[in-house]
Amino acid sequence: AIKNREIRPYLQPIADRDGVIVGCEALVRWVYKDQGVLPPFKFIPSLEKNGMIAEVDKYMWRCACEILAKWKQRGWNLFISVNISPKDFYYIDVPEYLKSLIDEYHLDPKQLRVEITESIMVSDTEKTIDIMGRLRNYGFIVEMDDFGSGYSSLNMLKNMPVDVLKIDMKFLGKSDDTQKADTIVKNIINLSMELGITSLTEGVETQSQYNILSDMGCKLFQGYYFSRPVPTEEFEELVIEKN
């Protein structure tokens, strides 16, 4: 699938408080000839089980660098966030590999943001802190993804070297008490500001949510309100249209 370019990055816009697209997250899709576009849940669990997820992630990181290099030639100052699977740490020296890609494509490491999920941090905290520290030393911006989906988040924040906190709006939105959910989000945003961490809310689906989160002080936004994940060409059209 990789050889045939069936594995592809779909890009979901990330916007600032003015609604300007400042970057995106690269999400893997398998464009399969008989079944169309396969979402990650259809194949990622199998790849994580057999260890092949590391090959897919390396390919996705390279695709992101290729896209960034093209944007650099255009004069576009955008970033791409890429995901790291817990399995990658067993097969790859992640900081060294990403550093080699950045050097190869002559990019600023801040253009390639690294997303590490809360579950990785819980499973092996000491090793994760070391890896995150090395990534930041190389100049990468480190994001904690799915914040709010676990139970150790607040305790970990004081030790974890993160630059961006991705707040899981979908998880918090499951609350029956909207006022309580809003209070939780507002306090997480305030906490991130006090810690010098940029807040990014994912799962933003409506104008109302966007307005409320903006009033709360959230800095960045991602979700269907702006766009679903789309092929690179469609994302570039969005950038031209919105920016």
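Higher on the page you've got the structure.
Definitions and limits used
Residues numbered from 1 in each chain as written. Predicted model: local features only at pLDDT ≥ 70, side-chain atom pairs only at ≥ 80, totals over all residues. Heavy atoms only, no water. Salt bridge = Lys/Arg side-chain N within 4 Å of Asp/Glu carboxyl O. Helix = DSSP H or I, 4+ residues; strand = E, 2+ residues; numbered from the N terminus. Buried < 20%, exposed > 50% of the residue type's maximum accessible area, 1.4 Å probe, protein only. Expected span 1.5 Å × (residues − 1). Polar contact = N/O pair within 3.5 Å; in protein donor to acceptor, adjacent residues only side chain to side chain. Contact = heavy atoms within 4.5 Å. Arc of directions from axis to C-beta. Disulfide = S-S within 2.5 Å. Core = buried A, V, L, I, M, F, W, Y, C linked by side-chain atoms within 4.5 Å. Phe/Tyr/Trp six-rings, centres within 6.5 Å; stacked < 30°, edge-to-face > 60°. Lys NZ or Arg CZ within 6 Å of the ring centre and 35° of its normal.

What follows concerns the pattern of salt bridges. All told, the structure shown has 14 salt bridges when counted by the stated rule. In this structure, the salt-bridge partner of Arg-5 is Glu-66, at a minimum N-O distance of 4.0 Å. Taken together, the residues Arg-5 in the segment before strand S1 (7-16) and Glu-66 in helix H2 (residues 53-74) connect sequence positions 61 residues apart. Note on Arg-5: relative accessible area 45%, which makes it partly exposed. Exposure remark for Glu-66: the relative accessible area of 32% places this residue in the partly exposed category.

As a further point, take H2. Residues spaced three or four apart along an α-helix point in a common direction, a consequence of the helix completing one turn every 3.6 residues. Given a rise of 1.5 Å per residue, 22 residues ought to cover 32 Å, and the 32 Å separating the end C-alpha atoms of H2 matches this to within 8%. Residue Gly-75 follows H2 closely and has a positive phi angle near 85°.

Now for unusual backbone geometry. As a rule of thumb, non-glycine residues mostly have phi less than zero, and peptide bonds are mostly trans rather than cis. Of note in this structure, Arg-5 is not a glycine but carries a positive phi near 60°. In this model, His-106 sits at a positive phi of 55°, which is unusual for a non-glycine residue. Relative to the assigned elements, His-106 resides in the loop between helix H4 (94-105) and strand S5 (112-117). Judged by its relative accessible area of 60%, His-106 is exposed.

Within the fold, Lys-166 resides in strand S7 (residues 164-168). Of note is the side chain of Lys-166, whose polar atom sits 3.1 Å from the side chain of Glu-25. At 2.9 Å, the side chain of Lys-166 forms a polar contact with the side chain of Gln-222. The residues touching Lys-166, leaving out its near neighbours within four places in the chain, are Glu-25, Glu-115, Glu-143, Met-144, Asp-145, Asp-146, Phe-147, Leu-200, Glu-202 and Gln-222.

This paragraph deals with helix H10 (residues 207-216). Among all positions of H10, only Tyr-210, Leu-213, Ser-214 and Met-216 are buried. Along H10, the residues classed as buried sweep out an arc of 155° about the axis, all on the same side. After H10 finishes, the residue Gly-217 shows a positive phi value of roughly 105°.

Attention shifts here to the state of the cysteines. Applying the stated criterion across every chain yields a total of zero disulfides. Cysteine Cys-63 remains unbridged, with the sulfur of Cys-65 as its closest cysteine sulfur at 9.5 Å. Classification of Cys-63 as buried rests on a relative accessible area of 4%. A relative accessible area of 0% places Cys-65 in the buried class.

Let us now look at the nonpolar core. Grouped together as the largest cluster of nonpolar side chains are 69 residues, with contacts concentrated most on Trp-71, Ile-80, Leu-98, Leu-112, Leu-213 and Phe-235. The dominant element in this core, judged by the number of residues it contributes, is H2, at 13 residues. Apart from residues lying up to four places away in sequence, Ile-80 is in contact with Cys-24, Ala-26, Ala-64, Ile-67, Leu-68, Trp-71, Gln-111, Leu-112 and Arg-113. Residues Ile-14, Ile-141, Val-164 and Leu-200 belong to the second largest nonpolar core, which totals six residues.

Here we take up the packing of aromatic side chains. Each pair of aromatic rings is reported with the distance of its centres and the angle of its planes. Throughout the structure, instances matching the rule amount to nine aromatic pairs. Each ring, one from Trp-30 and one from Phe-43, has its centre 5.5 Å from the other, and the planes form 90°; the classification is edge-to-face. With Trp-30 in strand S2 (residues 21-32) and Phe-43 in the loop between strand S3 (36-38) and helix H1 (44-50), this pair connects stretches of sequence that are 13 residues apart. Taking the relative accessible area as the measure of exposure, Phe-43 reaches 5% and is therefore buried. Ring geometry for Tyr-210 against Phe-221: centres 4.9 Å apart, planes inclined by 80°, an arrangement best described as edge-to-face. One end of the pair, Tyr-210, is in helix H10; the other, Phe-221, is in strand S9 (residues 220-222), with eleven residues separating them in the sequence. One aromatic cluster is present, formed by Tyr-210, Phe-221, Tyr-225 and Phe-226 through successive ring pairs. The ring of Trp-76 carries the charged tip of Arg-74 above its face, separated from the ring centre by 4.9 Å. A cation sits over an aromatic face here: Arg-113 above Phe-79, 3.8 Å from the ring centre.

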